Amino acid sequence: NLLFADWANRGGNMWTFEQGTIQLVQGQNTYALPDDTVDLLEHVIRTQANSTTNQADLTITRISVSTYATIPNKLQQARPIQVWIQRQNAQTSPTGSLLASTINSSATTIALDTVVGLPANGFILLDSELIYYGSISGNTLYNCARAQQNTAAASHTSGTAVYIKQVPAITVWPTPDNTQTYTFVYWRLRRTQDAGGGVDVMDVPFRFIPCMVAGLAYYMGMKIPTAMERLPVLKQQYDEAWTLASDEDREKAAVRFVPRQMFIGGGYT
C-alpha cells in the first residue's frame, strides 16, 4: 500500500482514471467526490434539454482556494463556470455532538445539542448517511443536502452521534440556478486498490509488474539492516523500472498548442 501511494505521488496512472458525474442542484454549491479520489484531471458542465438530444459540454475552470476566497458573492446563482477542488483525506472523526431531536429522511434542518468544533459548513455522518450542511445558526444545521456519495437518506433518532467526515469535494461558482439541468462531468484519478487481506485481484497492469517487484524490494530493503549497503542499487533499479513503465503509460494523442490573443492597454498582442 505504501508503494501504491508512492505511485500516486509520482504521477497519474492511466488504469486508475475513471469518469463520474454529479447532478447539480439549485442553491447547492458543494458536492462530495468518492473517498478514493486523488485528484480530478478534467471536468466540464453538461447541459441537456432531454435525455437524448441537445447535449452541450461547457468548460468549467479550476480555481484555487485563494481565488474562491476572494469571490464577493459566493451565493450568486447562474450556470457554474469555476470549480474549487478540495482534496480531503476522507477520514471520519467524532464531534461530541448528538442529534437534539429525531429527523426524517427529508429534513433539511438538523438540530444538535452543540455545534462546538463543527466548521461553518461541511459534511457530517449520521449512522451510515452522509449529509452536507451549508450553514449553522445557533445549534441548528441549515441547507442540508441529504444522501451524499450515494448513501441512503434515512430517519435518525434523537441522541444519534454526529461525526465529521473530511470528504474530497468540489465547490462550484456561481451556485447553480434552475434555468436548466446541470451535470458536473469529471475524469478522476483514484487510488490504486490496496492489497487487502492478500486475496484481492491485483490492481496493477502487467506492464507495471517489474516496477512493483523492484519497488517492493527497495521498500523491504530499507527495513532490513543487512541490506542497507544495497539500497542505492535497489533505488536505481526501482527508478529505472518506474521510468520505463510510466513512459509507456501515457496519452498517445496529438497535442496542439494555440496562443491566447488578448487586448491589453489598447494594443493587440
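Residues numbered from 1 in each chain as written. Predicted model: local features only at pLDDT ≥ 70, side-chain atom pairs only at ≥ 80, totals over all residues. Heavy atoms only, no water.

So, about helix 1 (residues 2–10). For helix 1, every residue scored as buried is listed here: Leu-3, Phe-4, Asp-6 and Trp-7. Along helix 1, the residues classed as buried sweep out an arc of 155° about the axis, all on the same side. Seen from the open side of helix 1, the exposed residues pointing more than 90 degrees away from its buried face are Leu-2 and Asn-9. Buried positions along helix 1 lie against helix 3 (209–221) and helix 4 (231–248). Looking one or two places after helix 1, you find Gly-11, whose phi comes out positive at around 150°. (Buried < 20%, exposed > 50% of the residue type's maximum accessible area, 1.4 Å probe, protein only. Helix = DSSP H or I, 4+ residues; strand = E, 2+ residues; numbered from the N terminus. Arc of directions from axis to C-beta. Contact = heavy atoms within 4.5 Å.)

On to the packing of helix 1 against helix 3, then. In contact at an axis separation of 10 Å, helix 1 and helix 3 are set at 115° when each is read in the N-to-C sense. Once helix 1 is placed against helix 3, the crossing between them reads as right-handed. Each of Leu-2, Leu-3, Phe-4, Asp-6 and Trp-7 in helix 1 lies in contact with helix 3, whose residues at this interface are Cys-211, Met-212, Gly-215, Leu-216 and Tyr-219. (Axes fitted to C-alpha atoms, helices over the stretch in contact; angles between N-to-C directions. Left-handed = near helix turned anticlockwise from the far one by under 90°.)

By the criterion of burial, strand 3 (residues 37–48) is predominantly enclosed, with nine of the 12 residues buried. Bridge count between strand 3 and strand 18 (residues 182–190): nine bridges; the pairing is antiparallel. If you follow Asp-39 over to strand 18, its bridge partner there is Leu-189. As paired strands, strand 3 and strand 4 (residues 55–59) are joined by five bridges and run antiparallel to one another. Looking at the pairing, Thr-47 lines up with Ala-56 of strand 4. (Pairing = 2+ DSSP bridges.)

This brings us to the sheet that holds strand 7 (residues 82–86). As a general point, the strands of a sheet are linked pairwise by backbone hydrogen bonds and lie either parallel or antiparallel. With respect to topology, four strands assemble into an open sheet ordered 2-16-7-5, the strand pairing being mixed. Since the sheet does not close on itself, it has two edges, and those belong to strand 2 (30–32) and strand 5 (61–63), each with one partner. Adjacent strand axes in the sheet meet at a mean angle of 30°, parallel and antiparallel pairs treated alike.

A word on unusual backbone geometry. Across the junction of Trp-173 and Pro-174, the peptide omega takes the value -10°, indicating a cis bond. Of note, the phi angle at Gln-149 is positive, near 55°, even though the residue is not glycine. By the secondary structure assignment, Gln-149 is in the loop between strand 14 (145–148) and strand 15 (161–165).

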